[in-house]
Amino acid sequence: MTTYENARRRSVRRRWTPGEALAGWGFVAPALLVVGGLTLFPAAWALVLSFRKWDGFSPQVGVGTQNYRDLLSDPAVLSAAWHTLLYTAMFVPASLLLGLLLATALNRRIRFIGFYRTAVFVPFVVSAAATGILTTYLFSPQFGLVNNVLRVLHLPQQGWLEDSGQALVVITLMSLWGQAAFTTVIYLAALQDVPHETVEAARIDGAGSLQVTWRVVWPQLRPVTTFVGVYLTLQALQLFDLVYATTRGGPLDATQTIVYLVWTTAFQKLQFGYGSAIAYGLFVLTLAVTVAVTVTQRRAARRTR
Amino acid sequence: MTSPAAPTSAPRVRPPASSLHRPRRRRRLPFSAWHLLLLPVAAVFLLPFVEMFLASVTPASDINRIPPGFWPSRFTVDGYARLFAESEVVRWLLNTVVVSAVAIASHLVLCSLAGYGFARLRFPGRELGFLGILATIMVPSQLLMIPTYVMFAKLGLVNDLGAAIVPWLASAFGIFLMRQFFLSLPAELEESGRIDGCSRLQVFWFVVLPLARPALATLAIFTLLGSWNDLVWPLVAINDEDAFTLQLGLTTFQGTRRTDWSLLMAGNVVATLPLVLLFLLAQKQFVATMASAGLKG
């Protein structure tokens, strides 16, 4: 403590020499240039573009807030937003629940546990492109494994990705397959941080294992759940790769997401201004969701305390 | 896993330890009912890989058979042969290796330098600079797609492998990760280096970096996963087939060769295998990396 205080006092009293300043900037400047140049600058430019109409070739035309007013009544935007929210509402809770269950099951010292963990973790390194192609194969109505199993069990065949009512569900299932490792790892780490003594004490006081889970372990996992929930929500709202590699937005636009719409608007229809406005709309939505979740969770945590 | 006839409540009698049957040093972990849950779970997670491999070695006539079978009638490497003969897959693989290698090397150098600078050096504008870095973490990537594309097009970078590389040179997350690590290192080591007459760069290179190996490994894995599997940016920035990355190449197959499943799956295996093998070799580090993504990201 005293060393820290001394160091602080010293640092306050001392001023930088030009040499030190140069050295400091020398260390951080290259990375700062790359990150700033590829993030802050384009983000500002996108904001400017979102108030313009531009196809990339002709002169840009300032249109004020027209793009933003358009997107609020554009059925394509509204349906893309709906699909994105629907996917988020399916993916995030399912991912948290699956991660929690898998972590609970994998958090024991039994034989072959290493094998089980590996099995759950490997899909995490597979790209969305490969997962997408695999999904198209597994869920093919004609020759896919899933329908083949249904056939053997004498259950009705499904259209899966070719059925506009089921495509988003299939994409959710395969995202869960690919991402399960992530939530599982986080919950595994959190479970191992739950103090043994607390659980023991509850047991001695006569709590059953359900009670221990619900009253002792779960409250300890709450902060992690909030954090991972927000993280997964941000990921889910940006769904693109898996859609591109499976349905390309179809059938009948049933899997058209916001980022997919940004991509088609900008790079197929060459509406750079309108595309930027949609992207900014998504950014606002993301911020709103993050703030809302964080605030409600904080409040809930305070209430239980 | 005994037969149902064996009474489970029978007293466990150990055979006397003779010189021939020594008790094993490591106690075998007991059988547990969790296996009944975990075995099917593992099967479900591994099944897609099995299907991917099987499809890649199944003759085309088998795949389109109705009703489809569960096991190929014979094995063939036809899909792989066509993949290598009819597509630029080797080139795409090389492109991807180049992108990932440059991304990792550059990330390791630039992010650890900047992380160290922000953690340990004092200079005017440090707080502001770091705040700027934190702010960029909030900016979603799809916001950047359009202006970055226009910017690269103006610089003549589009359609070039360079277009795929530049966004991967450094990242705010990498800087943040390395800064957090350097903050946790005791400063005394560096001070002793300074007293011995090393320059700042020498201290960084000879004292600090060797200690940072675990953090560097984590950063390398992040960068590898991100750059190897990236799809959206190459899709936006590259139209020339010679500069395709593996992931981009795979998705273009999908449109043109939708029916050629053994070729598609062979491509999938080629794109997936390197990372899966690496994962199996360095599982511990990978898992630590995933955890730090959630806990520090």
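This structure is a prediction, so every number in the text was calculated from the model and none was measured. (Residues numbered from 1 in each chain as written. Chains lettered and ligands numbered in written order. Predicted model: local features only at pLDDT ≥ 70, side-chain atom pairs only at ≥ 80, totals over all residues. Heavy atoms only, no water.)

## Thoughts on the overall build of chain B
No. 1: A tally of helices and strands in chain B yields 15 helices and zero strands.
No. 2: The burial tally for chain B puts 48% of its 297 residues in the buried class.
No. 3: Expressed as a percentage of contacts within chain B between residues at least 6 apart in sequence, the contacts between residues at least 24 apart total 73%.
No. 4: In the structure as shown, chain B presents an accessible area of about 15,400 Å², 65% of it carried by carbon and sulfur atoms. (Helix = DSSP H or I, 4+ residues; strand = E, 2+ residues; numbered from the N terminus. Buried < 20%, exposed > 50% of the residue type's maximum accessible area, 1.4 Å probe, protein only. Contact = heavy atoms within 4.5 Å. Areas by Shrake-Rupley, 256 points an atom, 1.4 Å probe, with all protein chains shown as cover.)

## Remarks on the overall build of chain A
No. 1: Helix and strand counts for chain A stand at 14 helices and two strands.
No. 2: Radius of gyration (C-alpha) of chain A: 25 Å, far over the 19 Å computed for a compact globule of 305 residues.
No. 3: With respect to the three principal axes, the spread of C-alpha positions in chain A is 80 × 75 × 35 Å.
No. 4: The buried share of chain A, taken over its 305 residues, is 49%.
No. 5: Excluding contacts between residues fewer than 6 apart, the proportion of contacts in chain A whose partners are at least 24 apart in sequence is 65%. (Rg over C-alpha atoms; globule rule 2.2 N^0.38 Å.)

## Remarks on the interface of chain B and chain A
No. 1: Contacts between the two partners involve 95 residues from chain B, matched on the other side by 91 residues from chain A.
No. 2: Taking both sides of the interface into account, the surface hidden between chain B and chain A amounts to around 8,600 Å²; carbon and sulfur atoms contribute 79%.
No. 3: The three residues of chain B that bury the most area against chain A are Phe45(B), Arg122(B) and Ile146(B), which together make up 9% of that side's buried surface.
No. 4: Between chain B and chain A we count zero salt bridges in total.
No. 5: Connecting chain B to chain A are eight residue pairs in polar contact (both at pLDDT 80 or more).
No. 6: Residue contributions to the side of chain B that touches chain A peak at 16 residues, all from helix H1 (residues 34-56) of chain B.
No. 7: Counted by class, the side of chain B that touches chain A contains 68 nonpolar, 22 polar and five charged residues. (Buried area = accessible area lost by both parts, 1.4 Å probe. Salt bridge = Lys/Arg side-chain N within 4 Å of Asp/Glu carboxyl O. Polar contact = N/O pair within 3.5 Å; in protein donor to acceptor, adjacent residues only side chain to side chain. Nonpolar A, V, L, I, M, F, W, Y, C, P; charged D, E, K, R; others polar.)

## A few points about the packing of aromatic side chains
No. 1: The tally for this structure, following the rule as stated, stands at 38 aromatic pairs over all chains.
No. 2: Pairing Phe173(B) with Phe222(B) gives two aromatic rings, centres 4.8 Å apart and planes at 80 degrees, and the pair type is edge-to-face. With Phe173(B) in helix H8 (residues 172-183) and Phe222(B) in helix H11 (residues 213-229), this pair connects stretches of sequence that are 49 residues apart.
No. 3: Counting every residue linked through ring pairs, the aromatic cluster contains Trp25(A), Phe118(B), Phe123(B), Phe130(B) and Phe176(B).
No. 4: Between Arg248(A) and the ring centre of Tyr244(A), over which it is positioned, the NZ or CZ distance is 4.1 Å. (Phe/Tyr/Trp six-rings, centres within 6.5 Å; stacked < 30°, edge-to-face > 60°. Lys NZ or Arg CZ within 6 Å of the ring centre and 35° of its normal.)

## Here we look at the pattern of salt bridges
Any two side chains of opposite charge can pair, so long as their charged atoms come close to each other.
All names here are of chain B.
No. 1: Taken as a whole and assessed by the stated rule, the structure comprises five salt bridges over all chains.
No. 2: In this structure, Asp 78 engages Arg 82 in a salt bridge whose closest nitrogen and oxygen atoms are separated by 2.7 Å. In this pair, Asp 78 and Arg 82 are both assigned in helix H3 (residues 78-86), four residues apart and thus about one turn of the helix distant.
No. 3: For Asp 260, the salt bridge goes to Arg 82, with nearest N and O atoms at 2.4 Å. With Asp 260 in the loop between helix H13 (246-256) and helix H14 (261-281) and Arg 82 in helix H3, this residue pair connects regions lying 178 residues apart in the sequence.
No. 4: If you follow the salt bridges from partner to partner, you end up with Asp 78, Arg 82 and Asp 260 in one network.

## Some points on the environment of Gly162(B)
No. 1: Of note, Gly162(B) is situated in helix H7 (residues 161-165).
No. 2: As for Gly162(B) and Ala243(B), which are separated by 81 residues in sequence, their C-alpha atoms are 9.0 Å apart.

## A few points about the environment of Ser100(B)
Residue and element names in this part refer to chain B.
No. 1: Among the structural elements, Ser 100 can be located in helix H4 (residues 89-120).
No. 2: Since its relative accessible area comes to 3%, Ser 100 is described here as buried.
No. 3: Spatially, the C-alpha atom of Ser 100 lies 23 Å from that of Trp 205, the residues being 105 residues apart in sequence.
No. 4: Residues contacting Ser 100, with those up to four places away along its chain left out, are Leu 224, Ser 227 and Trp 228.

## Here we look at a nonpolar patch on the surface
No. 1: On the surface, a nonpolar cluster with roughly 700 Å² of combined accessible area is contributed by Val149(A), Val152(A), Leu153(A), Leu155(A), Phe70(B), Trp71(B) and Phe75(B).
No. 2: Inspection of the secondary structure puts Phe70(B) in the loop between helix H2 (60-63) and H3. (Patch = residues over 30% accessible without salt bridge, like charges linked within 9 Å, V, L, I, M, F, W, Y side chains within 5 Å.)

## Observations concerning the UniProt feature "transmembrane region" (unreviewed entry) in chain B
Residues and elements named next belong to chain B.
No. 1: Mapped onto this numbering, the UniProt entry gives "transmembrane region" (unreviewed entry) at residues 31-50, 92-116, 128-149, 161-182, 203-225 and 261-282.
No. 2: End-to-end, the C-alpha atoms of residues 161-182 are 33 Å apart, and along that stretch the chain is 73% helix and 0% strand.
No. 3: Taken end to end, residues 203-225 is 96% helix and 0% strand, and its two terminal C-alpha atoms sit 30 Å from one another. (UniProt positions renumbered as here; feature names shortened; annotations may be inferred.)

## Here we look at the UniProt feature "transmembrane region" (unreviewed entry) in chain A
Residue and element names in this part refer to chain A.
No. 1: The feature "transmembrane region" (unreviewed entry), as given by UniProt, occupies residues 21-48, 85-106, 118-139, 167-190, 224-245 and 277-296 in the numbering adopted here.
No. 2: The span residues 21-48 is 96% helical and 0% strand by assignment, and the distance between its end C-alpha atoms comes to 34 Å.
No. 3: Here residues 224-245 runs as 86% helix and 0% strand, with 31 Å between its end C-alpha atoms.

## Digging into the environment of Lys154(B)
Residues and elements named next belong to chain B.
No. 1: If you trace the backbone, Lys 154 turns up in helix H6 (residues 141-154).
No. 2: Judged by its relative accessible area of 62%, Lys 154 is exposed.
No. 3: A sequence separation of 112 residues divides Lys 154 from Ala 266, and the C-alpha atoms of the two residues are 37 Å apart.

## Here we look at the UniProt feature "domain: ABC transmembrane type-1" (unreviewed entry) in chain A
No. 1: The UniProt entry lists residues 81-295 of chain A under the feature "domain: ABC transmembrane type-1" (unreviewed entry), expressed in the numbering used here.
No. 2: The annotated region residues 81-295 of chain A carries 74% helix and 0% strand content, and the separation between its end C-alpha atoms amounts to 23 Å.

## Points about the nonpolar core
No. 1: Counting residues in each nonpolar core, the largest one holds 185 residues, and the members touching the most others are Trp263(A) and Phe182(B).
No. 2: Considering every element that reaches this core, the biggest residue donor is helix H9 (residues 167-193) of chain A, with 16 residues. (Core = buried A, V, L, I, M, F, W, Y, C linked by side-chain atoms within 4.5 Å.)

## Describing H1(B)
Residue and element names in this part refer to chain B.
No. 1: Over its 23 residues, H1 extends 33 Å from the first C-alpha to the last, a length consistent with the 33 Å expected when each residue adds 1.5 Å.
No. 2: The sharpest bend along H1 comes to roughly 40 degrees, located at Leu 46, with the proline Pro 48 sitting one to four residues further on.
No. 3: Regarding H1, the residues found buried are His 35, Leu 38, Ala 42, Phe 45, Pro 48, Phe 49, Glu 51, Met 52, Leu 54, Ala 55 and Ser 56. (Expected span 1.5 Å × (residues − 1). Bend = angle between axes of the 7 residues up to and from the residue.)

## Some details on the packing of helix H2 (residues 18-38) of chain A against H4(B)
No. 1: Where H2(A) meets H4(B), the axes come as close as 7 Å, and the angle between the chain directions of the two elements is 120 degrees. On the basis of the axis angle, H2(A) is oblique to H4(B). Between H2(A) and H4(B) lies a crossing of left-handed hand. Where H2(A) approaches H4(B), its residues Phe27(A), Val28(A), Pro30(A), Ala31(A), Leu32(A) and Val34(A) are matched on the opposing element by Leu110(B), Leu113(B), Ala114(B), Tyr116(B), Gly117(B) and Phe118(B).
No. 2: Of the residues assigned to the contact of H2(A) with H4(B), the class counts are 11 nonpolar, one polar and no charged. (Axes fitted to C-alpha atoms, helices over the stretch in contact; angles between N-to-C directions. Parallel < 35°, antiparallel > 145°, perpendicular 65-115°, else oblique. Left-handed = near helix turned anticlockwise from the far one by under 90°.)

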